[in-house]
Amino acid sequence: MGIEEAKLIGGGLAVIGVGAVGVGIGSIFGSFISSVARNPAARAAIFPTTMLGFALVEAVALYQLLIAFLILFG
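A few points on the structure. Since we're looking at a predicted model, the values are computed, not measured.

**Some thoughts on the packing of aromatic side chains**
Logical step 1: In the structure shown here, the tally under the stated rule is 3 aromatic pairs.
Logical step 2: Ring centres 6.1 Å apart and planes at 35° place the aromatic pair F69 and F73 in the tilted group. Residue F69 and its partner F73 are both found in helix 3 (residues 43–73); the two are separated by 4 residues, about one turn of the helix.
Logical step 3: A residue is classified by how much of its surface remains accessible, and F73, at 68% relative accessible area, is exposed.
Logical step 4: Between R43 and the ring centre of F47, over which it is positioned, the NZ or CZ distance is 4.9 Å.

**Focus: the side chain of Q64**
Logical step 1: Mapping Q64 onto the fold places it in helix 3.
Logical step 2: Apart from the residues lying within four places of it in its own chain, the contact partners of Q64 are A14, V15, G17, V18 and V21.

Cut-off values and rules
Residues numbered from 1 in each chain as written. Predicted model: local features only at pLDDT ≥ 70, side-chain atom pairs only at ≥ 80, totals over all residues. Heavy atoms only, no water. Phe/Tyr/Trp six-rings, centres within 6.5 Å; stacked < 30°, edge-to-face > 60°. Helix = DSSP H or I, 4+ residues; strand = E, 2+ residues; numbered from the N terminus. Buried < 20%, exposed > 50% of the residue type's maximum accessible area, 1.4 Å probe, protein only. Lys NZ or Arg CZ within 6 Å of the ring centre and 35° of its normal. Contact = heavy atoms within 4.5 Å.

Here it is in structure tokens:
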């Protein structure tokens, strides 16, 4: 196995967790919708925390893609 094949395998392994990020985002917004459906008055208090959680989970996906690009093209 050459260096190019190893780079492709490493890049693929680096982005394997992007699926987990999708599950995390779905969980965050599913919980948000459920909580607002139960208590609509709490929407203003819950929404900023939801956006913070979304941003942190999305950052994990961006870091994974950055590592994959560094492996592939570095």
